[in-house]
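One letter stands for each residue in the lines below.
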Amino acid sequence: MSLSSIFTPTKCHLFLSAVSVVAILVACEPVNFDTEHGELVVRDGSARTASSVSDAVPRTKGVGEPVLEAALVPAKSSKRRPAPKARAGVVTAADIDDTLNLDSFLRYQTRMAKQTKLPRLNLGTPIQVDFGGGSASGAGINVSLRKSGSAEPFYSGTTGVDGKLTVFPAILGAGHVKDVELSGYVNGHKLVKDRFTIGKTVRPVRVYQREDYKPEFLDLVFVFDTTGSMGDELAWLTKEFSGIVQQARNVAPQANMRFGLVAYRDQGDAYVVKNFGFTGRLREMQKWLRGLDANGGGDYPEAADAALMAATELPWRRGYGERLVFHIADAPPHKSGARRYLEAARKAASKNVQIFGLGASGVAEEAEFMMRQAAVATNGRYLFLTDDSGIGHAHSEPNTACYQVTRLKGLLTRVITSELTGIRQEAASRDVIRSVGNYRRGTCVQ
């Protein structure tokens, strides 16, 4: 499949039903995409196919070599600093769940693609399924999606937190989708079978109470930028990792857990990518982290594309479990590697691997844009550090209407706990340091 086919959404139309199972099919072009009075409004504009390449995506010179103008970006320090002394529980952060605010994200995606001249994933015709409601979370339901009349599904996976699932057929190679057949199973028993036609309301189906979600395994991988400016973040993760894992074991004692680490810098440094693979031993993972230092770099972009691709190609387990990547960085890939970075996200989505970007100190709009695309494509979230702790380098405000600031360890623990239990975990009011906008369970309420 051509990489160009995974970029650029088309014009948007939204249809939904309001019962326990909801399917939302959107044929998307975020250009002139707006909301009025709480409803989606489509402005006039010429339609394009889902496989078309955005005007925001630069033309190429030869095969896969983008012709791009140099951008003024912040320089990173390559000077090695003494390893900082981590202080437990003081680093602050917040997050954005773009799959819960998809219309807003699509407007952001269009705006930033034009502004940064970076490519964008083709998120045309997203399918959003909601098995939530009632006394059960709806998480862990096996779902398959196929084009009507097709023998094989273009997607097979499970519903996530609160029974929600967002699938982008275009990045899975299905192209433009008009009619979709959905099947939902629990323990081999079919719960629902529905056929969706864009432009028609989905038949209401109720999902009855079922057992709590109990994944059989957790594959947890950290992709870490270890250039000179990342010393504070590396020290923090090294100190807090065992506590985060212990919390995960407390909420999902039945899950077999493996940990993975991919460290990276850039061309000309001591290494570009250092792939440690998976281990089932916490002590070995801690040893890997303690063996890293923050050094090298010098310019703003780093080899994030090579690192994320390496993480995607790890031997992830299949079946009934959780596959999570946390990409911790303060810089985007080089513009010549931007498409490869998004291709890694597309591969992760095809393997049901979720990507959670964590924007560190000094992160700018290019890194936020790339990391948020990878997160939304894989049903992950974008996390970002804030200045509320008063330590470390300055942190940029993200392009979002709402968020809540808490301690980073608490946020990371809640995110992992949400995935392992299937129920979204929110911070207690006493743990919220600062609020921006009208935040309600991950959604920005207008």
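As shown above, the structure is provided for reference.
Residues numbered from 1 in each chain as written. Predicted model: local features only at pLDDT ≥ 70, side-chain atom pairs only at ≥ 80, totals over all residues. Heavy atoms only, no water.

A. Local environment of the overall build of the protein. The helix and strand tally for the protein stands at seven helices and 21 strands. Taking contacts inside the protein between residues at least 6 apart in sequence as the whole, the part at least 24 apart equals 76%. As presented, the protein carries roughly 18,900 Å² of accessible surface, and 47% of it is formed by carbon and sulfur atoms. (Helix = DSSP H or I, 4+ residues; strand = E, 2+ residues; numbered from the N terminus. Contact = heavy atoms within 4.5 Å. Areas by Shrake-Rupley, 256 points an atom, 1.4 Å probe, with all protein chains shown as cover.)

B. Molecular detail of helix α6 (residues 365–377). With 13 residues, α6 should reach 18 Å at 1.5 Å per residue; the first-to-last C-alpha distance of 18 Å fits that figure. Burial analysis of α6 places twelve of its 13 residues in the buried class, which makes it a mostly covered element. Among the residues of α6, those classed as buried are Glu 366, Ala 367, Glu 368, Phe 369, Met 370, Met 371, Arg 372, Gln 373, Ala 374, Ala 375, Val 376 and Ala 377. Turning to α6, the residues buried within the fold contact β5 (92–96), α1 (102–116), β15 (322–329), α5 (338–350), β16 (354–359) and β17 (382–385). Residue Asn 379 follows α6 closely and has a positive phi angle near 65°. (Expected span 1.5 Å × (residues − 1). Buried < 20%, exposed > 50% of the residue type's maximum accessible area, 1.4 Å probe, protein only.)

C. Spatial organisation of the pairing of β5. Among the five residues in β5, five count as buried, and that is most of the element. Relative to strand β18 (residues 403–407), β5 runs antiparallel, the two being bridged by two bridges. For Ala 93, the partnering residue across the bridge sits in β18 and is Thr 406. Both β5 and β17 contribute to a ladder of four bridges, which runs antiparallel. Looking across to β17, one finds that Ala 93 is bridged to Leu 385. (Pairing = 2+ DSSP bridges.)

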